[in-house]
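Chain and residue survey
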Amino acid sequence: MKKHVLAALLASAVVSGTAQAAAPARLKTAAAAAVDAQAKQVQVMVDQVFSFAEPGFQEVRTSAYLSDILEKNGFTVTRGVAGIPTAFTATWGSGGPLIALGSDIDNLLGVSQVPGIPNVKPMLDGAPGHGEGHNAGMPLVIAAAIAAKKVMEANKIPGRLMIWPGVAEELLATKAYYVRAGMFNGVDACIFTHVSSAFGTGYGDMGQNGMVSVEYTFRGKTAHAAGQPWEGHSALDGVEVMDNAWNFRREHLPVTQRSHYVITNGGGQPNIVPDKASVWYYFRDRTFGAVRTLYNTGNEIAEAAAKATGTTVTRQTLGYAAPNFGNKPLAEAAYANIKAVGMPRWSADDQAFAKAAQETNQRKVEPLASTVSPLGTPETRPRSLGGGSDDIGDIMWTVPTITIGFPSNIPNMIGHHVTSAMAMATPIAHKGAVAGAKALAMTVLDLMTTPKLVSDAKTYFTDVQLKTDRYDPVLTPEDKPAIWLNAKTMAEQRPAMEKFYYDPAKYDTYLEQLGVKYPTLTPQ
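Predicted, not measured: the structure shown is a model, and the values here were computed from it. All chains use their own residue numbering, which begins from 1 and follows the written sequence. With pLDDT at 70 or above as the cut-off, local features in this predicted model cover only qualifying residues; side-chain atom pairs require 80 or more to be listed or tallied, and sums for whole chains, interfaces and linings still use all residues. As a rule here, side-chain values cover all heavy atoms of the structure and leave hydrogens and water aside.

This next bit is on unusual backbone geometry. Across the chain, the bulk of peptide bonds are trans and the bulk of non-glycine residues have phi less than zero. The step from Y518 to P519 runs through a cis peptide bond, and the omega angle for that step is 0°. Numbering of helices and strands runs from the N terminus, with a helix taken as a DSSP run of H or I at least four residues long and a strand as a DSSP run of E at least two residues long. Here P519 is to be found in the segment after helix 15 (510-514). Positioned with a positive phi, F57 is a non-glycine residue whose angle comes to about 75°. As for its position among the elements, F57 is in the loop between helix 3 (39-52) and helix 4 (60-72).

Structure representation (C-alpha cells):
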C-alpha cells in the first residue's frame, strides 16, 4: 500500500472515531514503510522456518534462528525460559509500557508437504510439517517489532517490547508454564498472532474450549499369555477398560465437551501379558470448571479401570490450555489498524493457485479474501458448542491480550492437515505476514503513545473479563513441561530432513530450491 494512501486511511480512522486511542498517522505510516522494507526478510524467515519443520519441544533450529535475528537487531535474548530449552524472550527498550508480542513456532507430526503444489505430496514420508502454518507467525512478529523499534528510536518514544515464541502449541503444553514461571509479570498488554485465511481480530469469549492433556500409565504383572495367563495382570486391559468406560460415559457428558485419546504404549508382544501400558487423553470444554470436571471424571474412571483389572494407575499432566477471552479496547485499536492496512494485493497467480488447491482436494472453492473480516464480538459471534483449543488463553487470563489472525493461508483447507501446508511457503503466506506485521507494528505504537488505551485495556480485563471467571489451571506444583515429547521422532527423522532445509544464500525462495514453479496448477 502506498504511503499517502495509508496515511489518508489512518487519518480518516482517527477522525471517524474508529480508533479511540491512536498514535499519530505519520508514525504508523513510518512503521508500515519499515515493514515493507523487510518484505524480503519476511519471505526468507517464513520459508526458512517452513523448511525446518520442527514439532513441539524440538524447535531447536527454529528457536535458534529466530532468536539470533532478534539479537542481531538489538534485542536482549534470554534462552531456555520457564525450563523449556526452545523457549526464549527477546526484550528491548526502557520506560513506558511493556508490550509482549508472540506467535507459535511448532508444527505437526506426519504432515510433511511440498509447498506450492495443489496435491498431497510429502517431502519426506512420515515426517512433520507445517500443516497449520505456524511458520509465518514469528516472522510477522519479528518484522513488526523491528519496525516499531525503529520508529520509537527515531521519535524518542519510551516503551518496552518482549518477544516470545509459542513452543509446543500443538501439544498445548507450554503457555501455562510461562505464566507459572512469571514470564508475564509486569507486562501491560500482549498481542498474539495466528495464521488464518482471514484478517481480523475480536474480543470477549472467543468460543474455544479449555483443555487438559494427561497421560495415564497402568502397571500390572507379566506372564506367559498362553501358558500361564492367570499369573498376569494386563496393564493393557486397564487401558482398554478405561477407554471403553469413557466412551460409554460420553453419552452423558455436555455437548460442548471434546475428548479424544491415543494409546501410547500397548505392550511389547502378544505372548507377554503387558505389565505397562499408557493412554494419552485430551479433555476439553468451554469453562475452567467444566474442564476440571472432565479431568476429575477421567481420573475416577482410570482408578476404576485399574481396580477392575488388578492393576495400578498413575497420571501425568502433559499440557493445559485455558479458554480464550480477548480484550475489547485492544481488539478495537488493532481492528482500526487492520482496516487501514487492508488485505494484501493478491495476484492472478495467487488466486489461481488457491483455486487449484481447493479443487484438487475437493474443498469448497472460495477466492482469497478481498476485504478484512468484521470485528468479532460476543453479539456477532455464534453460540459455541465446543471445538479446538489454544493455550494463548492462559496468557489472556493473566494480562490483557488479543489474537490477530493474519491472511497467509487458503480458505477452506483442513486444519492439522497437509492441505493447510500447501500455501505456507508461497507468495500467499509472504504477503499475509507482511500485512499482519504492519497492523501489529501500528498497534504497538498505539499502546506506546496513548496511555489511555493501556489503562482502558486493564480496566476491561479487571472489571469485565475477571467478572465472568478466574484463571484456574489444572496444574500442580509437581507438573513440569513435557520437554521429552517428540525427541525420539526428531532424532530418527532429522538427518533425512536436513537435506530439505532452505538455503537462502543459494536460492531466492524455497520454491526455487525445491524446483517448484509458481503457480503450479496441476497435480505433480
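Taking 1.5 Å of rise per residue, 12 residues should cover 16 Å, and helix 2 (residues 25-36) covers 16 Å from first to last C-alpha, within 8% of that figure. The set of residues buried in helix 2 consists of L27, K28, T29, A31, A32, A34 and V35. Multiplying one less than the number of residues by 1.5 Å gives the expected span of a helix. Relative accessible area decides the class of each residue, using a 1.4 Å probe on protein chains only: under 20% of the type maximum gives buried, over 50% gives exposed, and in between gives partly exposed.

The next subject is the confidence of the model for the protein. Mean pLDDT over the protein stands at 95; residues scoring 70 or higher make up 96%. With pLDDT under 50 throughout, residues 14-19 is counted as low confidence; its partners more than four residues away or in other chains account for 7 contacts. The quantity called pLDDT is the predictor's confidence in a given residue, expressed from 0 to 100. The contact definition used throughout considers only heavy atoms, calling two residues in contact when any of these lie within 4.5 Å.

Bringing the nonpolar core into the picture now. Looking at soluble globular proteins, one finds that nonpolar side chains tend to be buried together. The set of buried Ala, Val, Leu, Ile, Met, Phe, Trp, Tyr and Cys residues whose side-chain atoms join them within 4.5 Å is what this entry labels a nonpolar core. Membership of the largest hydrophobic core comes to 161 residues, with the highest contact counts inside it found for L101, L161, I163, W164, F184, Y216 and F218. When residues in this core are grouped by element, the largest group, 14 residues, is from helix 12 (residues 427-449). Discounting chain neighbours no more than four positions away, the residues touching L101 are V141, A145, L161, M162, I163, W164, I191, L440 and V444.

A few words now on the sheet that holds strand 4 (residues 159-166). The 6 strands lie next to each other as 1-2-4-3-5-12, forming an open sheet whose pairing is mixed. On the outer flanks of this sheet lie strand 1 (76-79) and strand 12 (401-407), each paired with one strand and no other. Recorded for the sheet is a direction-independent mean angle of 20° between the axes of neighbouring strands. Here an angle of 0 to 180 degrees is reported between the N-to-C directions of two axes, which are lines fitted to C-alpha atoms, with helices fitted over the stretch in contact. Packing against the sheet, helix 9 (residues 328-341) makes contact with strand 5 (189-196) and strand 12, and its axis sits at approximately 20° to strand 12. By the convention used here, strands pair only if DSSP detects at least 2 bridges between them.

Remark: helix 2 packs on helix 12, axes separated minimally by 9 Å, with the N-to-C direction vectors making an angle of 145°. Considering the relative orientation of helix 2 and helix 12, their crossing is right-handed. Judged by residue contacts, L27, K28, A31, A32, V35 and D36 of helix 2 engage V434, A437, K438, A441, M442, L445, D446 and T449 from helix 12. In this scheme, a crossing is called left-handed if the near helix is turned counterclockwise away from the far one by less than a right angle; it is called right-handed if the turn is clockwise.

Note on aromatic contacts: the rings of Phe and Tyr and the six-membered ring of Trp form a pair at centre separations within 6.5 Å, being stacked when their planes are under 30 degrees apart, edge-to-face when over 60 apart, and tilted otherwise. According to the stated counting rule, one finds 18 aromatic pairs in the structure shown. Here the aromatic rings of Y216 and Y281 are separated by 6.1 Å at their centres, their planes lie at 80°, and the arrangement is edge-to-face. Separated by 65 residues along the polypeptide, Y216 in strand 7 (residues 210-219) and Y281 in strand 9 (residues 276-285) bring together distant segments of the chain. The two residues Y216 and Y281 agree in class, both being buried. Ring centres 6.0 Å apart and planes at 80° place the aromatic pair F288 and Y471 in the edge-to-face group.

In the sections that follow, a salt bridge refers to a side-chain nitrogen of Lys or Arg positioned within 4 Å of a carboxyl oxygen of Asp or Glu. Enumeration over the complete set of coordinates arrives at 16 salt bridges. Note that K438 is salt-bridged to D36, the shortest N-O span being 2.9 Å. Highlighted residues: K438 in helix 12 and D36 in helix 2, separated in sequence by 402 residues. Given the relative accessible area of 34%, D36 is considered partly exposed. Note that D508 is salt-bridged to K40, the shortest N-O span being 2.6 Å.

What follows covers the pairing of strand 7. The side chains of a regular strand alternate between both faces of the sheet. Counting buried residues in strand 7 gives 9 out of 10 residues, a clear majority hidden from the surface. Relative to strand 9, strand 7 runs antiparallel, the two being bridged by 10 bridges. Across the sheet, the residue bridging to Y216 is V279, located in strand 9. Sheet topology places strand 7 next to strand 10 (residues 312-321); 9 bridges connect them, and they run antiparallel. Bridging from a neighbouring strand, R219 pairs with T312 of strand 10.

By the secondary structure assignment, N265 is in strand 8 (residues 258-265). Between the C-alpha atoms of N265 and F218, which are 47 residues apart in sequence, the distance is 9.8 Å. For N265, the residues in contact, after removing those within four places along its chain, are K276, A277 and S278. For N265, the side chain forms a polar contact with the main-chain oxygen of K276, separated by 3.5 Å. As used in this structure description, the phrase polar contact means that two N or O atoms lie within 3.5 Å; if the pair is within protein, one of them must be able to donate a hydrogen and the other to accept it, and residues adjacent in sequence are counted only when both atoms belong to side chains.

Contact geometry for helix 3 and helix 5 (residues 137-154): axes closest at 8 Å, N-to-C directions at 150°. Judged by the angle between their axes, helix 3 and helix 5 are roughly antiparallel. Like other packed secondary-structure pairs, helix 3 and helix 5 cross with a definite hand, here right-handed. Together, V42, M45 and V46 of helix 3 and P139, I142 and A143 of helix 5 make up the contact between the two elements. Considered class by class, the residues forming the contact of helix 3 with helix 5 number 6 nonpolar, no polar and no charged. When describing relative orientation, an angle under 35 degrees is termed roughly parallel and one over 145 degrees roughly antiparallel, while 65 to 115 degrees is termed roughly perpendicular and anything else oblique. Think of it as three bins: nonpolar holds Ala, Val, Leu, Ile, Met, Phe, Trp, Tyr, Cys and Pro, charged holds Asp, Glu, Lys and Arg, and polar takes everything else, Gly as well.

Within the secondary structure layout, S420 lies in the loop between strand 12 and helix 12. If we ignore the near neighbours within four places in the chain, the residues touching S420 are H130, G131, E132, N409, M413, I414 and G415.

The strand order across the open sheet formed by 4 strands is 8-9-7-10, and the pairing between neighbours is antiparallel. Of all strands in the sheet, those with a lone pairing partner are strand 8 and strand 10, marking the two edges. With strand direction ignored, the average angle separating the axes of adjacent strands in the sheet is 20°.

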